[in-house]
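Report on the structure
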Amino acid sequence: MIRHFSQDINLNPDGWQGEDWQGLGYDIISFFPEFDPADCSSCGQGYGNFEVDYQDTSVDFWGIIDEINPSTIITFSKGFIDLSWELEYNFYNRTNWYADYATPFFPTPNPPDSDEPINFLRNSTLPMQGIVDEINASDLGLNSYIDINGDPGHFVSEFMGYHGVWYRDLYQFDNQNPCYLAGHVHVGGLIDWDTAKQAAEITIAKVIEALDEYTYVPGDVNDDENIDVLDIVVVISHILGQLTLDGGSFYAADMNSDGVINIQDIILIINLIL
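First things first, this report covers the structure right here in the doc. (Residues numbered from 1 in each chain as written. Predicted model: local features only at pLDDT ≥ 70, side-chain atom pairs only at ≥ 80, totals over all residues. Heavy atoms only, no water.)

Within the chain, the secondary structure is distributed over seven helices and eight strands. Its C-alpha atoms give the chain principal-axis dimensions of roughly 65 × 40 × 35 Å. By residue count, 43% of the 274 residues in the chain fall in the buried class. In the chain, of all internal contacts separated by at least 6 residues, the share reaching a separation of at least 24 is 70%. When the accessible area of the chain is evaluated, it comes to approximately 13800 Å², of which 51% is carbon and sulfur surface. (Helix = DSSP H or I, 4+ residues; strand = E, 2+ residues; numbered from the N terminus. Buried < 20%, exposed > 50% of the residue type's maximum accessible area, 1.4 Å probe, protein only. Contact = heavy atoms within 4.5 Å. Areas by Shrake-Rupley, 256 points an atom, 1.4 Å probe, with all protein chains shown as cover.)

And the structure:
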């Protein structure tokens with residue numbers, strides 16, 4: 001379903017279709033494992049860009065990330081044997097994983113994120129409700145929903161999903177290559193290739209809509225194309241808890257990109273004004 005976004009000529013002989021996708025200003029690049037046969041039920045480890053293997057997934061993930069510096073990460077995996085398009089919300093830095101197909105059967109290190117405690121929770125930042133509404137309003141016949149209280153299943157799917165939201169959390173305030181959104185979709189096992197491709201493209205389009213909200217000019221907190229005292233008033237209101245900035249407004253106010261809006265940011269905005 002995402003093969004047309006691969007830049008690997010061996011995986012995608014028809015050529016990469018992700019450059020400035022649909023003229024929306026974003027390149028879409030996909031990476032995935034191969035299986036033989038492709039339409040499998042018990043697919044095993046697979047081969048290719050990724051494998052259904054903890055160590056291989058982690059090594060390949062960080063290598064790909066270093067190469068492309070994504071602004072968004074959407075991970076996909078096979079879900080229930082039905083027509084569901086399930087958006088996962090919770091990802092845990094767990095130790096109680098199910099074994100994969102080759103030794104060592106569990107992540108190393110375990111938990112994978114050694115900087116956080118066991119079962120540390122990270123959440124999807126994809127525009128999940130917008131994706132659900134768009135999928136369910138289409139004529140694809142899918143059942144899309146958000147798994148708000150569950151988890152992605154203790155297997156390589158969740159491991160992969162955790163990596164995506166982990167990277168986003170680490171680099172959301174990066175000055176050079178920020179990552180704004182990340183999350184995981186479980187794709188029902190009864191969905192045919194063409195339908196899944198259309199659903200994936202709907203998902204990506206909704207994500208791009210959300211990404212556009214993160215376009216901002218540092219200091220222009222109220223997005224009126226001027227940097228002035230009105231922006232300072234908005235920042236002060238946020239600091240005092242009178243309103244909550246998010247999206248592009250938050251990043252525009254966070255002048256020093258430390259993830260906290262405070263007096264230091266106000267000083268930097270004043271310096272811009274002066």
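What follows deals with the side chain of threonine 57. Summarising the element assignment, threonine 57 is placed in helix α1 (residues 54-68). Judged by its relative accessible area of 1%, threonine 57 falls in the buried class. Once you skip the residues sitting within four places of it in the chain, threonine 57 turns out to touch Phe50, Glu51, Val156, Phe159 and Met160.

So, on to the side chain of histidine 154. Relative to the elements of secondary structure, histidine 154 occurs in the loop between β7 (143-147) and α3 (156-171). Here aspartate 151 takes part through its side chain, which lies 3.4 Å from a polar atom of the side chain of histidine 154. (Polar contact = N/O pair within 3.5 Å; in protein donor to acceptor, adjacent residues only side chain to side chain.)

What follows is about the nonpolar core. If you look at the biggest cluster of nonpolar residues, it comprises 31 residues, and the most contacted ones within it are Trp85, Leu87, Ile131, Leu142 and Leu181. Only β4 (84-88), α2 (128-137), β8 (181-187) and α4 (193-212) provide two or more residues apiece to this core. Considering every element that reaches this core, the biggest residue donor is α4, with eight residues. With residues near it in sequence (within four places) discarded, leucine 142 still touches Leu83, Trp85, Ile135, Asn136, Ile191, Thr195 and Ala199. In this structure, Ile64, Ile73, Tyr162 and Cys179 belong to the second largest nonpolar core, which totals 13 residues. (Core = buried A, V, L, I, M, F, W, Y, C linked by side-chain atoms within 4.5 Å.)

A full pass over the atoms with the stated rule returns eight salt bridges. Its salt-bridge partner being aspartate 169, residue arginine 122 comes within 2.9 Å of it at the nearest N-O pair. On the criterion of sequence distance, the pair formed by arginine 122 in strand β6 (residues 121-123) and aspartate 169 in helix α3 is long-range, its members being 47 residues apart. By relative accessible area, which is 7% here, arginine 122 ends up buried. Take aspartate 169: its relative accessible area is 25%, and that puts it in the partly exposed class. (Salt bridge = Lys/Arg side-chain N within 4 Å of Asp/Glu carboxyl O.)

Once that is clear, we can look at the environment of lysine 78. Within the secondary structure, lysine 78 sits in strand β3 (residues 72-78). Once residues within four sequence positions are removed from consideration, lysine 78 is found in contact with Cys40, Ser41, His186, Val187 and Gly189. A distance of 3.3 Å separates a polar atom in the side chain of lysine 78 from the backbone oxygen of serine 41.

Here we take up the packing of α1 against α3. The geometry of α1 relative to α3 is characterised by a closest axis approach of 10 Å and an angle of 30° between their N-to-C directions. When the axis of α1 is compared with that of α3, the two are roughly parallel. The crossing of α1 and α3 is right-handed. Contact with α1, carried on its side by Tyr54, Thr57, Ser58, Phe61, Trp62 and Ile65, involves Val156, Phe159, Met160, His163, Gly164, Trp166, Tyr167 and Leu170 of α3 and no other residues of that element. Residue composition of the contact of α1 with α3, by class: 10 nonpolar, four polar and no charged. (Axes fitted to C-alpha atoms, helices over the stretch in contact; angles between N-to-C directions. Parallel < 35°, antiparallel > 145°, perpendicular 65-115°, else oblique. Left-handed = near helix turned anticlockwise from the far one by under 90°. Nonpolar A, V, L, I, M, F, W, Y, C, P; charged D, E, K, R; others polar.)

Read across the sheet, four strands follow the order β3-β8-β4-β7 without closing on themselves; strand pairing throughout is mixed. On the outer flanks of this sheet lie β3 and β7, each paired with one strand and no other. With direction set aside, neighbouring strand axes in the sheet form an average angle of 20°. Together, β4 and β7 form the strand contacts of α2, whose direction differs from that of β7 by roughly 165°. (Pairing = 2+ DSSP bridges.)

What follows concerns the packing of aromatic side chains. The tally for this structure, following the rule as stated, stands at 18 aromatic pairs. Centroid distance phenylalanine 76 to tryptophan 85: 6.1 Å. Interplanar angle 55°. Geometry classified as tilted. Phenylalanine 76 gets classed as partly exposed once you look at its relative accessible area, which sits at 22%. An aromatic cluster is built from Phe61, Trp62, Tyr162, Trp166, Tyr167 and Tyr171, whose rings are joined through pairwise contacts. (Phe/Tyr/Trp six-rings, centres within 6.5 Å; stacked < 30°, edge-to-face > 60°.)

Attention now moves to the environment of tyrosine 92. Mapped onto the elements of the fold, tyrosine 92 is located in strand β5 (residues 90-92). Spatially, the C-alpha atoms of tyrosine 92 and arginine 122 are 6.4 Å apart, while their sequence positions differ by 30 residues.

Right, let's talk about the packing of α2 against α4 for a bit. It is the contact of α2 with α4, at a shortest axis distance of 9 Å, that shows an interaxial angle of 140°. The angle between α2 and α4 falls in the class oblique. Seen from above, α2 lies across α4 with right-handed handedness. Contacts between α2 and α4 involve Gly130, Ile131, Glu134 and Ile135 from the first element and Ala199, Ile202, Thr203, Lys206 and Val207 from the second. A breakdown of the residues in the contact of α2 with α4 according to their chemical character gives five nonpolar, two polar and two charged.

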